[in-house]
Amino acid sequence: DAGVIQSPRHEVTEMGQEVTLRCKPISGHDYLFWYRQTMMRGLELLIYFNNNVPIDDSGMPEDRFSAKMPNASFSTLKIQPSEPRDSAVYFCASSLSRKAFFGQGTRLTVV
Amino acid sequence: AQSVSQHNHHVILSEAASLELGCNYSYGGTVNLFWYVQYPGQHLQLLLKYFSGDPLVKGIKGFEAEFIKSKFSFNLRKPSVQWSDTAEYFCAVGLYNQGGKLIFGQGTELSVKP
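Rules used throughout
- Residues numbered from 1 in each chain as written.
- Chains lettered and ligands numbered in written order.
- Predicted model: local features only at pLDDT ≥ 70, side-chain atom pairs only at ≥ 80, totals over all residues.
- Heavy atoms only, no water.
- Helix = DSSP H or I, 4+ residues; strand = E, 2+ residues; numbered from the N terminus.
- Buried < 20%, exposed > 50% of the residue type's maximum accessible area, 1.4 Å probe, protein only.
- Pairing = 2+ DSSP bridges.
- Salt bridge = Lys/Arg side-chain N within 4 Å of Asp/Glu carboxyl O.
- Axes fitted to C-alpha atoms, helices over the stretch in contact; angles between N-to-C directions.
- Disulfide = S-S within 2.5 Å.

As a further point, take the environment of Phe90 of chain B. Following the sequence through the fold, Phe90 of chain B ends up in strand 10 (residues 87-95). Considering only alpha carbons, one finds Phe90 of chain B and Ile12 of chain B, 78 residues apart in sequence, at a separation of 16 Å.

Before going further, it helps to spend a moment on the pairing of strand 5 (residues 42-50) of chain A. Residues and elements named next belong to chain A. Of all nine residues in strand 5, nine are buried, a share of seventy percent or more. As defined by bridge partners, strand 4 (residues 31-38) adjoins strand 5 across eight bridges and the pair is classed as antiparallel. Across the sheet, residue Phe33 finds its bridge partner in strand 5, namely Tyr48. Between the end of strand 4 and the start of strand 5, which pair antiparallel, lie three residues. Where strand 5 meets strand 6 (residues 53-56), three bridges bridge the pair, whose relative direction is antiparallel. Its bridge partner lying in strand 6, Phe49 is registered against Pro54. Joining the antiparallel neighbours strand 5 and strand 6 is a turn of two residues, in which Asn51 adopts a positive phi near 50 degrees.

Applying the stated criterion across every chain yields a total of 12 salt bridges over all chains. A salt bridge links Arg77 of chain B to Glu64 of chain B, with the nearest nitrogen and oxygen atoms 3.5 Å apart. Pair noted here: Arg77 of chain B is in strand 9 (residues 73-78) and Glu64 of chain B is in strand 8 (residues 64-68), with a separation of 13 residues, a long-range link. The class of Arg77 of chain B is partly exposed, set by a relative accessible area of 22%. For the salt bridge of Lys78 of chain B with Asp85 of chain B, the shortest nitrogen-to-oxygen distance reads 2.9 Å. Neither Lys78 of chain B nor Asp85 of chain B differs from the other in exposure class; each is buried. Salt bridges sharing partners connect three or more residues here, namely Glu62, Arg64, Glu83, Arg85 and Asp86 of chain A.

Let us look at the sheet that holds strand 8 (residues 74-79) of chain A. All names here are of chain A. The strand order across the open sheet formed by four strands is 1-3-8-7, and the pairing between neighbours is antiparallel. Unpaired on one side and paired on the other, strand 1 (5-7) and strand 7 (65-71) mark the two borders of the sheet. Averaged over all adjacent pairs, the angle separating strand axes in this sheet is 15 degrees, with direction ignored. Here strand 7 pairs with strand 8 via five bridges, running antiparallel. Residue pairing for strand 8: Lys68 is matched across the bridge by Thr76.

Next up on the list: the state of the cysteines. For the structure on display, the rule yields two disulfides over all chains. Here Cys23 of chain A pairs with Cys92 of chain A through a disulfide, and the sulfurs are 1.9 Å apart. One disulfide, between Cys23 of chain A and Cys92 of chain A, carries an S-S torsion of -65 degrees and so falls in the left-handed class. Placement of the pair is Cys23 of chain A in strand 3 (residues 19-24) and Cys92 of chain A in strand 9 (residues 88-96), with a sequence separation of 69 residues. In terms of burial, Cys23 of chain A and Cys92 of chain A fall into one category: buried. Paired through a disulfide, Cys23 of chain B and Cys91 of chain B show a sulfur-sulfur distance of 1.9 Å. In this structure the cystine formed by Cys23 of chain B and Cys91 of chain B twists about its S-S bond by roughly -70 degrees; its chirality is therefore left-handed. Of the two residues, Cys23 of chain B is situated in strand 4 (residues 23-26) and Cys91 of chain B in strand 10; the sequence distance between them amounts to 68 residues. For the pair Cys23 of chain B and Cys91 of chain B, one class covers both residues: buried.

The structure is reproduced here in structure tokens:
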């Protein structure tokens with residue numbers, strides 16, 4: 001298996017633009033997590049899904065953030081509109097039997 | 001609320017020195033415990049994990065960790081570090097009844113001088 005695949009690896013966008021981050025989990029995994037990593041706040045859990053259903057989105061910072069998982073092999077994290085303080089590395093992880101594997105991350109820069 | 005505390009933000013060692021990184025967590029339920037490593041510019045990789053059984057677990061690259069339930073601790077150790085161990089290390093608690101949802105510590109940056 002290729003592991004958790006995220007795209008794009010890097011994204012630079014202007015403030016106010018919509019940004020969509022994508023994640024393909026490992027086949028067969030039943031949980032998917034979105035994390036954000038910043039110098040100030042470390043690794044924060046934003047939202048997670050179980051069998052494509054959102055379970056806990058309490059970590060989503062604002063209504064500008066939304067996440068979907070239309071099927072078992074794909075998830076998106078959308079920021080609309082984006083702001084400079086959203087600049088961070090966003091990681092997707094999937095797990096089976098409580099063992100999580102992380103993607104390479106998307107480095108988002110909002111200017 | 002659940003939380004994970006790593007004792008050191010930045011540790012600087014010379015090669016061959018011994019390493020111990022502290023980690024304490026706050027959660028009353030059943031947990032799984034993990035150490036992840038993040039090399040510069042890379043994603044998180046699993047170093048080792050504890051689910052049950054022997055509280056002393058061995059991971060990759062000579063790392064080991066000991067779970068002490070009474071102290072809510074899961075410290076990471078390595079007897080002799082190498083320059084290639086320079087990275088950031090994250091302790092994480094997986095919440096058993098939430099699908100393994102991981103709560104991370106703030107991370108410890110390890111710099112090993114050659």
